[in-house]
Amino acid sequence: MLVLVAPGQGAQAPGFLTQWLDFPGVRGALEAWSDAAGLDLIRYGTEADAEEIRDTAVAQPLLVAAGLASAHLLFDDPAELPQKVGAIAGHSVGEFTAASLAGVLPHEEALRLVRTRGLAMAEAAAVTETGMAALLGGDPAVTVPHLEKLGLTPANINGAGQIVAAGTKEQIAALEADKPEGVRKVVALKVAGAFHTHHMAPAVDTLAKAAEALAPGDPKVRYVSNKDGRTVAGGAEVLERLVGQVASPVRWDLCMETFKELGVTALIEVCPGGTLTGLAKRALPGVKTLALKSPADLDAARELIAEHA
């Protein structure tokens, strides 16, 4: 069984869309999605520097656009995707990519909504000085209670022993001074704020209002949610989870457990791939993985689809 996954914020790099523009239809799609998002996605994906695309309000629509464009190049006809993909999921903002590919939201609507998400999260992050930090090593059973004792949220529980904590700058500093037993290092991340925590509550309200006008369709592919790793069959519930996920932890570990239960044999990560395939290699031994890092990976990805669809 083939699983298709989409990465979250931090996967972007300067110029990462440049080579994809050579393929028929990609430039036109990006232009249409740029209009929908009110953002020049082509410029940001080809000419902007690392600092520009680190901006939450830019990075999120840029990542969703890249994921959508690269995923469509995997199939001769977009209608093949639901026939050949056994399950789909995305990490954090990658859930918008996954939901749109599954047919819950048209691509233009997904880009408009994710642009609203990015702007709202950036605004919420400006209220209090907050941040996130990755913990290297340690046992989640020991680490999570320690984080909660310090007032921090385990915002990303990614599996393979990887946890990202989020909270105020003072709480992050306290964590650096008082690491959980077994954690080798605490690495502060270059993000605008404490995503997937209560600090993002104002962004949830903004996103909920924007989502009221939408009429989501039921997913045509088995959709696995970050909230709890469950598969969700109704479009309205998928949209509700997309809204609430802004202020709730990402449970990618549970998503990978569900992949395993479903019998996954191969996993492809859409552009800009790498992070989620790395986690899968450690957490899903025996599963073939492939990351779409550039168009050079397309042929191998198509071969994998032919073998595992």
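Residues numbered from 1 in each chain as written. Predicted model: local features only at pLDDT ≥ 70, side-chain atom pairs only at ≥ 80, totals over all residues. Heavy atoms only, no water.

Engineer: Any chance you could break down the pattern of salt bridges for me, citing the residues and the numbers?
Structural biologist: According to the stated counting rule, one finds 11 salt bridges in the structure shown. A salt bridge links Asp253 to Arg251; the nearest nitrogen and oxygen atoms lie 2.7 Å apart. Residue class for Arg251 comes out partly exposed when judged on its relative accessible area of 24%. Among the ionic pairs, Asp299 bridges to Arg302, the shortest N-O distance being 3.4 Å. Linking Asp299 with Arg302, this pair stays in helix α14 (residues 298-308), spanning three residues, or about one helical turn. Judged by its relative accessible area of 51%, Asp299 is exposed. A relative accessible area of 33% means that Arg302 is categorised as partly exposed. Each of Asp228, Arg230, Glu237 and Arg241 takes part in salt bridges that share partners, so that together they form one network. (Salt bridge = Lys/Arg side-chain N within 4 Å of Asp/Glu carboxyl O. Buried < 20%, exposed > 50% of the residue type's maximum accessible area, 1.4 Å probe, protein only. Helix = DSSP H or I, 4+ residues; strand = E, 2+ residues; numbered from the N terminus.)

Engineer: I'd like a rundown of the nonpolar core, residues and numbers included.
Structural biologist: Core analysis: the largest hydrophobic core is formed by 80 residues, its most contacted members being Leu4, Leu74, Leu111, Ile268 and Leu292. A total of nine residues in this core trace back to one element, the largest contributor, which is helix α4 (residues 56-72). Domain assignment of the residues forming this core places at least three in each of domain 1 (2-125 + 197-307) and domain 2 (129-189). Residues within four places of Ile268 in sequence aside, it is in contact with Leu2, Val3, Leu4, Val5, Leu74, Leu290, Leu292, Ala301, Leu304 and Ile305. (Core = buried A, V, L, I, M, F, W, Y, C linked by side-chain atoms within 4.5 Å. Domains from an automatic or database assignment. Contact = heavy atoms within 4.5 Å.)

Engineer: Which residues make up the pairing of strand β2 (residues 87-90), and what are the values?
Structural biologist: When a strand is regular, its side chains alternate between the sheet's two faces. Neither face of β2 is exposed, since Ala87 and Ala89 on one face and Ile88 and Gly90 on the opposite face are all buried. Where strand β1 (residues 2-6) and β2 come together, four bridges link them in parallel fashion. Bridging from a neighbouring strand, Ala6 pairs with Gly90 of β2. (Pairing = 2+ DSSP bridges.)

Engineer: Go over the UniProt feature "domain: Malonyl-CoA:ACP transacylase (MAT)" (unreviewed entry) in the protein chain with me, naming the residues and quoting the values.
Structural biologist: According to UniProt, the feature "domain: Malonyl-CoA:ACP transacylase (MAT)" (unreviewed entry) maps to residues 5-296 in the numbering used here. When the span residues 5-296 is considered, its composition is 45% helix and 16% strand, and the gap between its end C-alpha atoms is 18 Å. (UniProt positions renumbered as here; feature names shortened; annotations may be inferred.)

Engineer: Requested: an account of the packing of aromatic side chains, with residues and values cited.
Structural biologist: By the definition in use, this model includes two aromatic pairs. On the numbers, 5.9 Å between centres and 80° between planes, the contact of Trp252 with Phe259 is edge-to-face. A residue is classified by how much of its surface remains accessible, and Trp252, at 1% relative accessible area, is buried. According to the relative accessible area criterion, Phe259 is buried, its value standing at 0%. The residue whose ring lies beneath Arg43 is Tyr44, and the NZ or CZ to ring-centre distance is 4.5 Å. (Phe/Tyr/Trp six-rings, centres within 6.5 Å; stacked < 30°, edge-to-face > 60°. Lys NZ or Arg CZ within 6 Å of the ring centre and 35° of its normal.)

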